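# Remarks on the overall topology
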Amino acid sequence: MNSLQITGMPNYSTLTAVFDRYHTFALSTHINPDGDAIGSQLALYTFLTEIGKSVKVFNTDAVPKNYKFLPFWDIIEGVKAVDTYRPEVLVVLDASTLERIGKKLSKTLLPIQKLVNIDHHATAEAFGDINLIMPTASSTSEIVYKLIKHYQAPIGKECALCLYTGLMFDTGCFRYSNTTPETHRIAAELIETGEFAPDEVYRNVYEQVPVAKLRLLSEVLSTLQVTDNGKIASVYATQDMFRKAGTNADAVEGIVNQIQAIAGVEVALCVSEMTDRSTKVSLRSQGHVDVSQLAAEFEGGGHARAAGCRLLTHYLTALTTLVQTAQRYMDQSTFKDTNGRKD
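One structure accompanies this document, and this report is about it. (Residues numbered from 1 in each chain as written. Predicted model: local features only at pLDDT ≥ 70, side-chain atom pairs only at ≥ 80, totals over all residues. Heavy atoms only, no water.)

## Comments concerning the overall build of the protein
A tally of helices and strands in the protein yields 12 helices and 13 strands. Whereas a compact globule of 343 residues would reach a radius of gyration of roughly 20 Å, the protein reaches 20 Å, a difference of no more than 12%. Expressed as lengths along the three principal axes of its C-alpha atoms, the size of the protein is roughly 60 × 45 × 40 Å. The proportion of buried residues among the 343 residues of the protein is 53%. When contacts within the protein are restricted to residue pairs at least 6 apart in sequence, long-range pairs at least 24 apart make up 66% of them. When the accessible surface of the protein is split by element, carbon and sulfur atoms take 49% of a total near 15600 Å². (Helix = DSSP H or I, 4+ residues; strand = E, 2+ residues; numbered from the N terminus. Rg over C-alpha atoms; globule rule 2.2 N^0.38 Å. Buried < 20%, exposed > 50% of the residue type's maximum accessible area, 1.4 Å probe, protein only. Contact = heavy atoms within 4.5 Å. Areas by Shrake-Rupley, 256 points an atom, 1.4 Å probe, with all protein chains shown as cover.)

Below is the structure:
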């Protein structure tokens, strides 16, 4: 494999040569796509089509409603649409492993020539023929931005909006530790180019909350448990809760962040019972525990402070296992409290 896993000044030439050489492309991203996944995907779609390429986009899961303000969201197709389509190049974005795009999709969407992997997760596997993995980047959208700039192609209004959305989402609205001076410079350029209002992007992503989600939130918060040491907080959501609230598992997104905000909590987790009886897991950390490593133990991935995975077991069994695993990570950590003592 021709790995482009880089820690210093990146050389994008190998990847841009692929853009020049081949004509048919497919793009995909991880299951349960978030703002960076959708944003980077649609930005790359826009760029490739503008340079004359034939591009199709396939995801296992549908585009969440709060991202349907983005241009071209409706060109994204599902697994069933793949059929016998064989692109010359498959580009996987923001997925730590190939299987993260979905087990069925990872086996049916097969490129004729090249598999390209673009990601910024520290736990990312170099599964592609070409791997552009940059853990120092704030987001996959930032990598796509730099790739387009290297190609010396203009970033149009639609592309800028998609990139900004991904950048905003994965930096937690520019408040996470992955936010750098460069992040703000890129954001400023994208705002100028796209001529969009950042507050409108924020409202679309975060302030389109249906009443059903608030009903679900009430149900989920009633399951809150905090360990005796006050360091690990957990909640769960069930199919019965979804039916009672009139919603589905998509409405769980973001609840784990509220659990993380509890004073003294270092690790927060939210588990959701899925229709196939598997358990979807969202993990958050204040920084002393690397939850991406924790998630990797269950074939998941993500960032040190935000990660996820899916367990093929009952949600209560998964919850117990995850809390125990989180406690093990807490026991192994060497962080100190405000008085300088090791916890």
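## Re the pairing of strand β9 (residues 232-237)
Most of β9 is tucked away: 6 of the 6 residues are buried. Where burial is concerned, the two faces of β9 agree: the one with Ile232, Ser234 and Tyr236 and the one with Ala233, Val235 and Ala237 are both buried. Looking at chain direction, strand β8 (residues 225-226) and β9 are connected through 2 bridges and run antiparallel. Paired with Val226 across the strands is Ala233, a residue of β9. As consecutive antiparallel partners, β8 and β9 are separated by 5 residues, and within that stretch Gly230 has a phi angle of approximately 75°, a positive value. As paired strands, β9 and strand β10 (residues 267-273) are joined by 6 bridges and run parallel to one another. Bridge pairing in β10 places Tyr236 opposite Val271. (Pairing = 2+ DSSP bridges.)

## Side note on the packing of aromatic side chains
The description of an aromatic ring pair uses the distance of the two centres, along with the angle that the planes make with each other. In this structure the tally under the stated criterion is 10 aromatic pairs. Arranged with centres 5.6 Å apart and planes meeting at 70°, the rings of Phe19 and Phe47 form a pair that is edge-to-face. One end of the pair, Phe19, is in helix α1 (residues 13-21); the other, Phe47, is in helix α2 (residues 35-50), and 28 residues separate them in sequence. Across the pair, exposure class does not vary: Phe19 and Phe47 are buried alike. Ring centres 5.2 Å apart and planes at 80° place the aromatic pair Phe47 and Tyr151 in the edge-to-face group. (Phe/Tyr/Trp six-rings, centres within 6.5 Å; stacked < 30°, edge-to-face > 60°.)

## Describing the pattern of salt bridges
Oppositely charged side chains are able to pair whenever their charged atoms sit close together. All told, the structure shown has 10 salt bridges when counted by the stated rule. Across the pair Glu297 and Arg328 runs a salt bridge, and its minimum N-O distance is 2.9 Å. A residue pair is termed long-range when its members are at least 10 positions apart, and Glu297 in the loop between α11 (291-296) and β12 (301-302) and Arg328 in helix α12 (residues 315-332) qualify at 31 residues. A relative accessible area of 39% means that Glu297 is categorised as partly exposed. Among the ionic contacts, a cluster of salt bridges with common partners joins Glu142, Lys146 and Glu182. (Salt bridge = Lys/Arg side-chain N within 4 Å of Asp/Glu carboxyl O.)

## Observations concerning the sheet that holds β9
The sheet built from 6 strands is open, its strands ordered β8-β9-β10-β11-β13-β12 with mixed pairing. Each having just a single partner strand, β8 and β12 make up the two edges of the open sheet. Inspection of the sheet shows strand β11 (residues 279-285) paired to strand β13 (residues 306-311) by 6 bridges, in the antiparallel sense. Bridge assignment links Thr279 to a residue of β13, and that residue is Leu311. Strand contacts of α12: β9, β10, β11 and β13, with the helix running at about 165° to β9, the strand carrying the most contacts. (Axes fitted to C-alpha atoms, helices over the stretch in contact; angles between N-to-C directions.)

## As for the layout of surface pockets
As a volume, the second largest pocket reaches approximately 520 Å³. Around the second largest pocket, the lining comprises 19 residues; the ones closest to its centre are Glu99, Lys103, Phe298, Glu299 and Arg310. With 3 residues, β13 is the largest single contributor of residues to the lining of the second largest pocket. Tallied by class, the residues present in the lining of the second largest pocket amount to 6 nonpolar, 6 polar and 7 charged. (1 Å grid on protein atoms, 1.4 Å probe; cavity = no way out; pocket = protein on both sides within 12 Å on 5 of 7 lines; lining within 4 Å. Points joined across faces, edges and corners; volume = space filled by probe spheres on them. Nonpolar A, V, L, I, M, F, W, Y, C, P; charged D, E, K, R; others polar.)

## Some thoughts on the state of the cysteines
Evaluation of the coordinates by the stated rule reveals 0 disulfides. Looking at the unpaired Cys270, the closest cysteine sulfur is the one in Cys309, lying at 12 Å. (Disulfide = S-S within 2.5 Å.)

## Things to note about the packing of helix α5 (residues 157-170) against helix α7 (residues 198-206)
Interhelical geometry of α5 versus α7 gives an angle of 65° and a closest axis separation of 11 Å. In this structure, α5 meets α7 at a crossing whose hand is right-handed. In contact with Leu161, Tyr164, Thr165, Met168 and Phe169 of α5, α7 contributes Pro198, Val201, Tyr202, Val205 and Tyr206. Partitioning the contact of α5 with α7 into residue classes produces 9 nonpolar, 1 polar and no charged. (Left-handed = near helix turned anticlockwise from the far one by under 90°.)

## Some remarks on the environment of Ala263
Along the chain, Ala263 turns up in the loop between α10 (255-260) and β10. Taking the relative accessible area as the measure of exposure, Ala263 reaches 73% and is therefore exposed. The spacing of Ala263 and Thr193 is 70 residues in sequence and 40 Å in space, taken between C-alpha atoms.

## Digging into the side chain of Ser106
Looking at the secondary structure, you find Ser106 in helix α3 (residues 103-108). There is a polar contact of 2.8 Å between the side chain of Ser106 and the backbone oxygen of Lys103. Not counting residues up to four positions away in its chain, the partners in contact with Ser106 are Leu98, Glu99 and Ile101. (Polar contact = N/O pair within 3.5 Å; in protein donor to acceptor, adjacent residues only side chain to side chain.)

Don't take any of this as a statement about function, it's just geometry.
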